[in-house]
Amino acid sequence: MNKFRFLTAGESHGKCLSAIIEGVPAGLSIDINFINSELARRQQGYGRGDRMKIEQDTVEITSGVRFGKSLGSPITLVVKNRDFESWQKVMSVAPEDITDERAFSTFRPGHADFAGSVKYNQKDLRNVLERSSARKTAIEVAVGAFAKLLLKELGIEGSSKVTQIGSACCAQNFEGEIDVIRGKGDTVGGKFTVTYTNLPVGLGSYVHWDRGIDGRLAQAVMSIPAIKAVEIGTNPLGYCGSQYHDEIFIEDGKITRHSNNAGGIEGGMTNGQDLVISGVMKPIPTMKTSLKTVDAQTLEETEAHFERSDVCAVEACAVVAEARVAWILADEILLKYGGDCIDELKRNYYQ
């Protein structure tokens, strides 16, 4: 059973996004400025759309924290959608407010529209778009910030970097690549890498298939909207075993390695090296250059519905991945070391 768990709720243009978190030990210092700075990071990045000019995401903590310290009880978070002011009638919960305003029925290739409409028997694809939207990752980043605060107490730090945008890699001109794509009315994806340092040996396990930390991390990153591939460590294609595997040495009486192709995980467990996990994001499927599609109601061929969108959101996606990796690490830390309060957790961790 997971120790650090949570649920989120909310729609893209609804009143708010919310979450309830369980498992945060009592006595953890909650820095709301840090949480809001993480939310701000998610809104940044070259190529973001107009929605980010409207929203100024900040978190409201409504339970589980008193005088800046966690109580050990469930923590409730709210991030309000400022854009809801323009969508109150459209997103009303009251049956008497039913309206066709901003309804649409043209499937957008690459989105959840088609499969979601079949699965949930929806004729108005607005009912699919609102929850499948990546807007929900804002509250996920807030949850991830709590996990990061827990990890920081143990000296574990995370970071991310964009390594590719379209055909541009590493030190090349990412902004120039995005500008070219924007000029074509198109979108572009890319690749990012998340790294966490100072991890202990032995998070995860090899005893059951679903307890390997690599599998848990891969699922967490893979399920971010628009992610199509995940790698841990160095891609092994093209390497022989003698080139790829990280040899083990003794230096000053300590186990050490001269490489980290495994990305800090062997046999489903952390091995003490840096955790390195990468994600590949597809181009955002909402674009000004419309794709061919079918209308869900008439079954006639047409062009896809367009709603304002980013040209590129790889940098923001990397921040979301940082948060999701932090969830898994925090849960594994609590599973292995336990502790109902932060002092107990730290005693168990450092003994």
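It should be emphasised that the depicted structure is a prediction, and the values quoted were computed from it without experimental measurement.

How each quantity is defined
Position labels on residues start from 1 in each chain and follow its written sequence. The predicted origin of the model limits local features to residues at a pLDDT of at least 70 and limits the giving and counting of side-chain atom pairs to 80 or more, whereas totals for whole chains, interfaces and linings rest on all residues. In computing side-chain properties, one takes all heavy atoms of the structure into account and sets aside hydrogens as well as water. Buried residues of nine kinds, namely Ala, Val, Leu, Ile, Met, Phe, Trp, Tyr and Cys, make up a nonpolar core once their side-chain atoms join them within 4.5 Å. Per-residue accessibility, obtained with a 1.4 Å probe over protein chains only, is compared with the maximum for each type, and a residue is labelled buried under 20%, exposed over 50%, and partly exposed between these values. We count a stretch as a helix when DSSP gives it H or I for four or more residues in a row; a strand needs E for two or more, and each element gets its number in order from the N terminus. Contacts: residue pairs with any heavy atoms within 4.5 Å of one another. Note on aromatic pairs: the rings of Phe, Tyr and Trp (six-membered ring only in Trp) are paired at centre separations within 6.5 Å, and the planes decide the class, stacked below 30 degrees, edge-to-face beyond 60, tilted for the rest. Placement of a positive charge over a ring is assigned whenever Lys NZ or Arg CZ falls within 6 Å of the ring centre and within 35 degrees of the normal to the ring plane. It is the directions from the helix axis to the C-beta atoms that the arc portrays. N or O atoms within 3.5 Å of each other form a polar contact, as long as, within protein, one can give a hydrogen and the other can take it, and as long as residues adjacent in sequence are counted only when both atoms are side-chain atoms. Two strands form a pair only when DSSP identifies at least two bridges running between them. To obtain an axis, a line is fitted to C-alpha atoms, over the contacting stretch when the element is a helix, and the angle between two such axes runs from 0 to 180 degrees between their N-to-C directions.

Caption draft 1: Structural context of the nonpolar core. Counting residues in hydrophobic clusters, the biggest one holds 72 residues, and the most contacted among them are F4, L77, F192, Y196, V325, L329 and I333. Among the elements that make up this core, the one with the highest residue count is helix α9 (residues 314-337) (16 residues). Excluding anything up to four places from it in sequence, V325 contacts V194, Y196, L217, V221, L275 and I277.

Caption draft 2: Examining the packing of aromatic side chains more closely. This model, assessed by the stated rule, comprises six aromatic pairs. With centroids separated by 5.1 Å and ring planes inclined at 90 degrees, the aromatic side chains of Y349 and Y350 adopt a geometry described as edge-to-face. Members of the aromatic cluster, joined through ring pairs, are F4, F6 and W327. Sitting over the face of the ring of W87, R102 holds its NZ or CZ atom 4.0 Å from the ring centroid. One residue, R182, lies across the ring of Y46, its end atom 5.7 Å from the ring centre.

Caption draft 3: The environment of A318, seen in detail. By secondary structure assignment, the location of A318 is in helix α9. It is 7.2 Å that separates the C-alpha atoms of A318 and T193, two residues lying 125 residues apart in sequence. Ignoring anything within four residues of it in the chain, the contact list for A318 reads S160, F192 and V194.

Caption draft 4: Layout of helix α6 (residues 174-183). Buried within α6 are the following residues: F174, E177, I178 and I181. On an axial view of α6, the arc spanned by its buried residues comes to 95 degrees, and they lie on one face. Of the surrounding elements, those touching the buried residues of α6 are β7 (157-165) and β8 (168-169). With a side-chain oxygen positioned 3.3 Å from the backbone nitrogen of E175, the residue opening α6 is N173.

Caption draft 5: Representation of the environment of V280 within the structure. For V280, the location among the structural elements is in strand β16 (residues 275-281). Take V280: its relative accessible area is 31%, and that puts it in the partly exposed class. Along the sequence, V280 and G190 sit 90 residues apart, while their C-alpha atoms lie 5.9 Å from each other. Those residues in contact with V280 that lie beyond four places of it in its chain are G190, K191, A226, I227, K228 and A229.

Caption draft 6: Region of the structure containing the sheet that holds strand β6 (residues 75-80). If you trace the four strands from one edge of the open sheet to the other, you get β1-β2-β6-β3, paired in antiparallel fashion. Two strands close off the open sheet at either side, each with one partner strand: β1 (5-9) and β3 (59-63). Mean inter-strand twist for the sheet, computed between neighbouring axes without regard to direction, equals 20 degrees. When β1 meets strand β2 (residues 16-22), the two strands line up antiparallel, connected through five bridges. Opposite R5, over in β2, you have E22 as the bridge partner. Helix-sheet contacts for helix α1 (residues 32-43) involve β3 and β6, and the interaxial angle to β3 is about 135 degrees.

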